[in-house]
Amino acid sequence: MRRIEALVLLSTLSASVLASASPRPRGVGPEFAKFYKSPDSFTCISQPSIKLSASQVNDDYCDCPDGSDEPGTAACTFLSPLSPPQPLGGQNATPALPGFYCKNKGHIPGYIQQTLVNDGVCDYQVCCDGSDEWSGVGGIKCEDRCKEIGKEWRRIDEIRQKSAMNALKRKEELLKKAADLRVGVQNSIVNLEGEIKIADARAQELKQVYEETERRERGKVVSSKGKGSKVTILAGLAKQRVEELRDALVRAISKRDALKEKVKELEGILATFKEEYNPNFNDEGVKRTVKAWEDYAANRKATEDESTEERDVEEVAKPDTETEGINWAEWETEGEESDVEALYKFEAYLPAPVRNWIQAKRVLIREILIENGILANNGNSATESKAVTNARSAYQNVENDVAVKQTSLNDLKTDLDKDYGPNDIFRALKGTCISKDSGEYEYELCWMDSTSQKSKKGAGNTGMGNFVRFDTMDVDEEVGVDGKGLGQGKRMVMMYENGQHCWNGPNRQTTVVLGCAEHDEIWKIVEQEKCMYRMDVGTPAVCEKETRAKQGSGEGKAKEKDEL
Amino acid sequence: MRSYLALSSQWTALFVLLSALCCLFTPAVTVKHENFKTCDQSGFCKRNRAYADTAAGASGWSAPYQIAPESLSWDNGQLQGTILKTINKNGETVRLPITISFLESGSARVTVDEEKRQKGEIDLRHNSIARKERYNEVESWAIVGGLELSKTATESRDTTKTTITYGPEGKFEAVITFAPFGVEFKRDAATQIKFNDRGLLNMEHWRPKIDKAEPEKKEGEEAPAADEESTWWDESFGGATDSKPRGPESVALDITFPGYEHVFGIPEHAGPMSLKETRGGSGNYEDPYRLYNSDVFEYITDSPMTLYGNIPFMQAHRKDSTVGVFWLNAAETWIDIVKQKEAHNPLSLGIGSKTDTKTHWISESGLLDVFVFLGPTPKDVTKAYGELTGYTQLPQSFSIAYHQCRWNYNTDEDVKDVDRKMSKHQIPYDVIWLDIEYTDDKQYFTWDPLQFPDPIGMLNHLDKSERKLVAIIDPHIKNKDGYPIVEDLKKKDLAVHNKDGNIYEGWCWPGSSHWVDCFNPAAIKWWVGLFKYDAFKGSLSNLFVWNDMNEPSVFNGPETTMPKDNLHYENWEHRDVHNLNGMTFHNATYQALLERKKGEIRRPFVLTRAFYSGSQRLGAMWTGDNQASWEHLAIGFPMILNNGIAGYPFAGADVGGFFGNPEKDLLTRWYQAGAFYPFFRGHAHIDTRRREPYLAGEPYTEIMTRALRLRYALLPAWYTAFHEASVDGTPIIRPQYFVYPGDEDGFAIDDQFFVGGTGLLAKPVVTEGAESVDIYLADDEIYYDYFDYEKYSGRGLKTIPAPLEKIPLLMQGGHIIPRKDRPRRSSGLMKWDPYTLVIVLGNDGTATGELYVDDGETFDYQSGAYIHRTFEYKDGVLASTNIGTKGKLTDKYLKAMKSVTVERVVVVGAPKGWEGKKTVKVGSGEANLEFHGEEGNKAAWAVVKKPQISIGEDWKIEF
């Protein structure tokens, strides 16, 4: 019955069939025609040892282990590593043919998956001539739509081509802009380096002036101070220091108390939360929070006893009087004979080598202490003279200026070294943003900067990540008739990470996958998992001459092979 | 080749990693026990357990129930009379009318009511407006037939007892003892089932609450201590108080199965198929099996805790005998099980000893209403049960293929994207699902306008490849101004009421909600209207429905459900009907999907989470919110098998595990297991990573695709098994005892099973890192590995290799398996593809098989539009014979199916003599034969190529 139908179909197509030089069996592409030439026999393509009669080709029964005897039916589709293995064949089979060849007269020929042949669905996307449903199962009739589909395709393809050309033009512009920007940066670096050199020299001069002035002034200070007791000076300093520390402590305590209040409030909120949350809302985040709170609460109880510590702190915080703390008056009026002096004298009793060693160590320690800001340098304890101040500020101003310039320079150098993608191209896009309205949200992508979403239901902007690096990714996506879409193969990716933290999960992050397009445009956004977004974005910045050309030419074979 | 050592260390590492990951993603995953009652916290359960302890403890315990012999009357297969319950020392009694019916089918039914309540001669507390009777309408929901009384049963009475002879050829006998009341059911003169053997019958009669000063003024035999009485009246749990306006009213009965060691059934519990003892002791449970439909969050395995659905039907099995009881009660129910060994000769312990299984059934309210089935085969029992409660719906054929679900596919574009990717990866699937997020603000019958702007476009897109969409619709209706459906619900007063008779308000997904009361016929009618295509905008004929949360789940209710003193249609208390509630909602949706457009009548497909006896008529069920762990993968089969035994075989578990992220090997094994679930759906929680099969990468995606394609290739066999279940209740996947009722070694096996009557014996891997499994063979028949024809034979355990890519699946000799080998995008697109018949020759060189085919979506099969054939291979001839009954649409259907052929016949275990044979005779013509000899331990096989025979016609192939 099927064969009769096939004949009918053949006769209707006779014109085209007869016109071609060698009639090929149904579903065979021109590049495989050579295997099907013999009028009375057929040899399985990849297993030439298996010889069949010509009538076994396309008889809807699979004879060849590579499926080559059934180019026009679905009979060999079970020969696939995706099907359950069976002694009949399967798992290890490599199909010899790329699929069912649709001639698509009036459009571009293409290969369709053999599993789609005679399944009752007209797969016009690949087979515009409807030839995939030749047996008409269940009464299906797929009319030839190649004329209209082809026409529409060509119309769009023209636009696409134009757009592709424009895209490449745009890319050139971007590259030029990027190069210009780069030169600008380089120039700035050169300029800055010059300025820094000059300023550095100036700073050196001023530094010398300042140090000279200071040395002079310090001599004065020391001489005017006379023979004051070191202990009383120390006492004065210590008192001052202690008071400073005490003030700091008091401030810290009051700050701490305020924080304690806040912690208490938060603990209250969490305790209520734990009591009142509903476990049936199946909210992992809530569960995690409750668990974390329980652990926290348990730990907190263990380390609660702070009362004695608290009392100590209170004591310390009280001002010193004659009876409490340190009686400073006693120290401030101390005579010449101080303990420190005694200590110095003590040295006299020691043998000379030991004494020298101690002295050396003492000096060393003192230096270390001063350098590390633990001991005050006596010299600075008095008020500074105006001359020194002026000299220092003059020096410091220039020094600061150098530092600022150095920072800018470093920034610029970093920027120059930063990865802006191939040929620096995204330098040209930096600072520009594109956005897309998608369902509940408006999404925004700022090149080299950040991604965000804005809910239409009111809530504010949510950061979906900040640019961290370039990457690549294998994609397998549709390309719309308008040419929008990632297509198949390796695509450049911009990773945006560490966005706003998600209530139920990680920090938001966005994987921005780039495809070639005439204009910068967000094609689609999907939240693949909670707070992990993927943005498919078109931009001329990633256009390549070859890829465009390939996609544009519509070479069916290459394209369809990918799909199989 | 990796060494075993290296492997094991690798697995250890993996395990450590896995457990670390588990800690990360699912912290403290365990059920909240404190949210659900133990027997001790459930007043009536506690009282009846205490009653049982008293009865067991007291010497000379005499049950206070006796039949008044003068009350008895026998008429036409029915015995009626009165049981007198003595309630105090003064000998005061309460009258309990009893009816014992003997049915034409051979089943018997014992029904006991309480006269006072029946007549409404009681007072309700708290000015309750609830009904006074014991709930007597479970029957109207659960039972659809089989109640014809026996015309052949006969009674013979004496002073102490009456004996009824009934059943097929009069082989059954019921001996009813008057004092104390008891019944013994016998088959072939041997006792199979005993009622009230332990004297635990208890029907808590109505009593007024006496607020007494002096505590000793109590009633006779029940003589409650003060603390016992504390559970009679208002009862509190978890901050909610049950007003119990009718006071204590439980019913309980002990049912003993003498000589029966195994009992099965009473789903739904996450435990072994062969039920455990429940009164403590090593390896036993401490609590009874509980039946109280509940949304149990993160349920645990190996537990008698209640789950989402229930079927109070139990089978008891011993060598060559199966019997059953069906406890027709919809209130909260607990079942205690103890097993007692009775060694006849104390010196020969174990040998010749037999075990009695003693059960104790306890329900909070309602009638005592029990059916008894005397077998003797498991098939007899399931058939008899199905005659009463109905058989499994013959499902839409797409619904037994693969379902791709997730909470949630976020947008219509997302749905189409998944659809395209499945096609692109050549992974077959039939249905994609939408969980609650598709709605506009959790209002059912609406679509989120931003995320699903074009549902019709989405449905049309799916329809191109014959794919379907299932959308969730739950019984809670968002209480929100301006939502027309809730406004209508309130206006028409079709929602469940609270104890005061006002519309009940609780919390669920949408926040504040009301619950449609599907006990109310008007509510069903209203519900049906909501599904018409012109009412439910954005729906088309390829949209089907998922009913979740119908226990009902109420987030702020006691035990996550409704207060028991809520009131349903005609003021029945929720207490009385709780276990039925889910089924009534499922039923309403089923009714709604029958005819969404005038004249377009289709088989509905509705998945439910809550269920009761009878739900099998309405669609599929799944085992609820399981977890991505090996334990949960393993518990799936015992649960599904038990559901099947209990008459509800269209069952499955969420593939991949609902909560948590499965490792790739777990996910892969789960697909291999899921390919053998009657209901096969992948599903995942909203917080999990995406896990559609194409995402896993190789080799996992390829292995999962193979499992899926195996399911699709075997769909003709599965559909035939579904058909069988739909006509006689035989489970779709069948446990060992069901197929080999005489093989004691197989009775407790619940991790391997047969697929329908195909002889396919599967034992999917459910443990981590397995490289092989031990499969049990119950007979001396020959078995072949499904994939390479490796031979296995001889009783006992056989080790078969099971690396990750392999599913342990054997074909038992003697069967013929129908398949369709051509992979397509969906089952709908396989409709016209030719069949492959696999003839698996048995030891005796013969094989038989069956095939049922119809259009898979309409009810035309009821008018004969189907193909039903047996295939038989014997003496070198394979013949196809029609076993269908001709109807008015038969010819038309056969004509349409004429082009569907058998493309090849594979003969496994082909005789050696065929070597050199090149052709076989097909009718008057011939076809080529190709023979492949034995290779090692792999069987010889032959294939008949292109015999040019139609599947719907008679034909013969002569070898």
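The following refers to the structure shown. Please read these numbers as outputs of a predicted model, since none were measured by experiment.

Our next topic: the overall build of chain A. On a plain count of helices and strands, chain A comes out with 12 helices and 12 strands. A buried classification covers 35% of the 564 residues belonging to chain A. Considering only contacts within chain A whose residues lie at least 6 apart along the sequence, 50% involve residues at least 24 apart. When the accessible surface of chain A is totalled, it reaches about 33000 Å², and 55% of it is carbon and sulfur.

Take S140 of chain B: it is sitting in helix α4 (residues 138–142). Looking at S140 of chain B, its side chain comes within polar contact range of the main-chain oxygen of E137 of chain B, at 2.7 Å.

Further remarks concern the packing of helix α10 (residues 521–530) of chain B against helix α11 (residues 574–594) of chain B. Residue and element names in this part refer to chain B. Here α10 crosses α11 at 45 degrees, and the two axes come no closer than 8 Å. When the axes of α10 and α11 are compared, the pair comes out oblique. As for how α10 packs across α11, the hand of that crossing is right-handed. The segment α10 lies against α11, with I524, W527 and V528 engaging F585, N587, A588, T589, Q591 and A592.

Along an α-helix, residues three or four positions apart point the same way, because every turn accommodates 3.6 residues. Residue and element names in this part refer to chain B. Looking only at helix α8 (residues 455–463), the buried set comprises P455, M458, L459, H461 and L462. Buried residues of α8, seen end-on, are gathered within an arc of 160 degrees and therefore sit on one face of the element. On its buried face, α8 is in contact with α7 (412–424), β23 (431–434), β24 (468–472) and β28 (543–547).

Residues and elements named next belong to chain B. Burial within β24 is extensive, with 5 of its 5 residues counted as buried. In β24, alternate side chains face the same way, and those of K468, V470 and I472 on one face and L469 and A471 on the other are all buried. With 4 bridges connecting them, β23 and β24 associate as parallel partners. When the bridges of β24 are listed, W433 appears paired with V470. A crossover connection joins β23 to the parallel β24 through α8; in handedness this β-α-β unit is right-handed. Bridge count for β24 against β28 is 4 bridges, and the pairing is parallel. Each bridged residue has a counterpart across the sheet, and for L469 the counterpart in β28 is L543.

Cut-offs and rules
Residues numbered from 1 in each chain as written. Chains lettered and ligands numbered in written order. Predicted model: local features only at pLDDT ≥ 70, side-chain atom pairs only at ≥ 80, totals over all residues. Heavy atoms only, no water. Helix = DSSP H or I, 4+ residues; strand = E, 2+ residues; numbered from the N terminus. Buried < 20%, exposed > 50% of the residue type's maximum accessible area, 1.4 Å probe, protein only. Contact = heavy atoms within 4.5 Å. Areas by Shrake-Rupley, 256 points an atom, 1.4 Å probe, with all protein chains shown as cover. Polar contact = N/O pair within 3.5 Å; in protein donor to acceptor, adjacent residues only side chain to side chain. Axes fitted to C-alpha atoms, helices over the stretch in contact; angles between N-to-C directions. Parallel < 35°, antiparallel > 145°, perpendicular 65-115°, else oblique. Left-handed = near helix turned anticlockwise from the far one by under 90°. Arc of directions from axis to C-beta. Pairing = 2+ DSSP bridges. Right-handed = clockwise from strand over helix to strand, strands pointing away.

These values are about where atoms sit, not about what they do.
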